[in-house]
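So you can see what is in the structure, the chains are spelled out below.
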2 protein chains.
Amino acid sequence: MVESDKEDRLYLDDLTVGQRFASTEFELTRERLHEFATVYDPQPFHLDDNAAKQTLFGGLACSGWQTASITMRLIVQSVPFAGGIIGAGGEVSWPQPTRPGDRLNVTSEVVEIIPSRSKPHRGVVKLRSETHNQRNELVQVLNATLIVPRRIDAKGKSSVA
Amino acid sequence: MVESDKEDRLYLDDLTVGQRFASTEFELTRERLHEFATVYDPQPFHLDDNAAKQTLFGGLACSGWQTASITMRLIVQSVPFAGGIIGAGGEVSWPQPTRPGDRLNVTSEVVEIIPSRSKPHRGVVKLRSETHNQRNELVQVLNATLIVPRRIDAKGKSSVA
């Protein structure tokens, strides 16, 4: 596991497949859940305790997109890629809902490193991020495609061929 | 195109491949962009006009997860599935960033309908949702896996075999 360190940003050339990053925790308060659902996912199972009991969720749960957004915050804090975390897209799944009061953490692993053939300044990194709650239940798996800059020497060429 | 109508919810058995749904618009204000980025994606290209100019984005852009969240709101309003919009996961890509002031709309199409073998009360629907801005530029493609209930007769069997 690598601790995040803003002074020591990682370029594509610094990464290795299997490299892992662990985040801190983020608590999903009832207020944050309500605030997000009101704007972005106004459905009964995200907004009303009683209505939620009658649904597939069996009780109040946050929007999957809020789980994804919290995951993004934890990735931003824990994965110190040069240039930041810039996603072109990804695959997301939610094996279980996130509940009010849950504390989430994210473990990310470098799965693939693909230097660009046409753009010597950057490449693509596939990052798999698993989001767990405080009971160590898996609530989200994200396989993201990230754009990561390369180290460039004084001649404008990348330092690793 | 089918206009959303809360009085006329659609079950899995009512759907056909190729069926389409068009949403209204959602405007991403500068305030909403800042509010979301502060909590969920605190990176310079989402928070600081000048810093954003130096990055791949070339100017302030919202988090891809906010584009996804706005898309969810527009799907909830425009796709009248019985039981609501409940996602098990999906694939998302962001061909272009969303900018402050952009007005987004979503067109969704039923791509696949898969009744569950083990659960007669429900099935899975694959829905492809394209998100465009007011210049008709594609800012997101989402292929979502949704859980949709089936019509059940008095004997507890689905009305379509």
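Residues numbered from 1 in each chain as written. Chains lettered and ligands numbered in written order. Predicted model: local features only at pLDDT ≥ 70, side-chain atom pairs only at ≥ 80, totals over all residues.

Visitor: What's the story with the pairing of strand 3 (residues 103-115) of chain B in this structure? I'm lost.
Guide: When a strand is regular, its side chains alternate between the sheet's two faces. Residues and elements named next belong to chain B. Pairing of strand 1 (residues 20-27) with strand 3 involves 6 bridges; the strand directions are antiparallel. For Phe21, the partnering residue across the bridge sits in strand 3 and is Ser108. Across 10 bridges, the pairing between strand 3 and strand 4 (residues 122-132) is antiparallel. Of the residues in strand 4, the one forming a bridge with Glu112 is Lys126. (Pairing = 2+ DSSP bridges. Helix = DSSP H or I, 4+ residues; strand = E, 2+ residues; numbered from the N terminus.)

Visitor: I tried to follow the packing of helix 4 (residues 64-78) of chain A against helix 4 (residues 64-78) of chain B on my own but got confused; where do I start?
Guide: Helix packing for two helices is described by the angle between their axes and how far apart those axes are. In contact at an axis separation of 10 Å, helix 4 of chain A and helix 4 of chain B are set at 170 degrees when each is read in the N-to-C sense. What the angle tells us is that helix 4 of chain A and helix 4 of chain B run roughly antiparallel. Residue-level contacts link Trp65, Ala68, Ser69 and Met72 of chain A of helix 4 of chain A to Trp65, Ala68, Ser69 and Met72 of chain B of helix 4 of chain B. Here the residues of the contact of helix 4 of chain A with helix 4 of chain B are counted per class, giving 6 nonpolar, 2 polar and no charged. (Axes fitted to C-alpha atoms, helices over the stretch in contact; angles between N-to-C directions. Parallel < 35°, antiparallel > 145°, perpendicular 65-115°, else oblique. Contact = placed C-beta atoms within 7 Å. Nonpolar A, V, L, I, M, F, W, Y, C, P; charged D, E, K, R; others polar.)

Visitor: How do you make sense of the interface of chain B and chain A when you look at a structure like this?
Guide: Quite often, the size of an interface is put as the accessible area lost when its parts meet. With 28 residues of chain B in contact, the opposing surface of chain A contributes 28 residues. Those elements giving two or more residues to the side of chain B that touches chain A turn out to be helix 1 (30-40), helix 4 and strand 2 (87-93) of chain B. Looking at which element gives the most residues to the side of chain B that touches chain A, the answer is helix 4 of chain B, with 8 residues. Counted by class, the side of chain B that touches chain A contains 16 nonpolar, 9 polar and 3 charged residues.

Visitor: Teacher, can you tell me more about the relation of the copies chain B and chain A here?
Guide: One chain copy maps onto the other through a rotation about an axis and a shift parallel to that axis. With an axial shift of 0.0 Å and an RMSD of 0.0 Å, the rotation relating chain B to chain A amounts to 180 degrees. The superposition of one copy onto the other is thereby described by a two-fold rotation axis. For chain B, the smallest separation between a C-alpha atom and the rotation axis is recorded for Glu91 of chain B, amounting to 2.1 Å. The overlap is high: 100% of the interface residues of chain B also sit at the interface in chain A, so the same surface is used on both sides. (Least-squares fit on C-alpha atoms with pLDDT ≥ 70 in both.)

Visitor: Which parts of the structure should I look at to understand the confidence of the model for chain A?
Guide: Detail in the predicted coordinates should be disregarded across regions flagged by low pLDDT. Residues and elements named next belong to chain A. When pLDDT is averaged along chain A, the result is 92, and 90% of the positions lie at 70 or above. Overall, residues 1-5 carries pLDDT values under 50, and its contacts beyond four positions in sequence, including any with other chains, amount to 10 contacts. Model confidence for the complex: the whole-complex pTM is 0.91, and ipTM, which rates the interface, is 0.91. (pLDDT = per-residue confidence, 0-100.)

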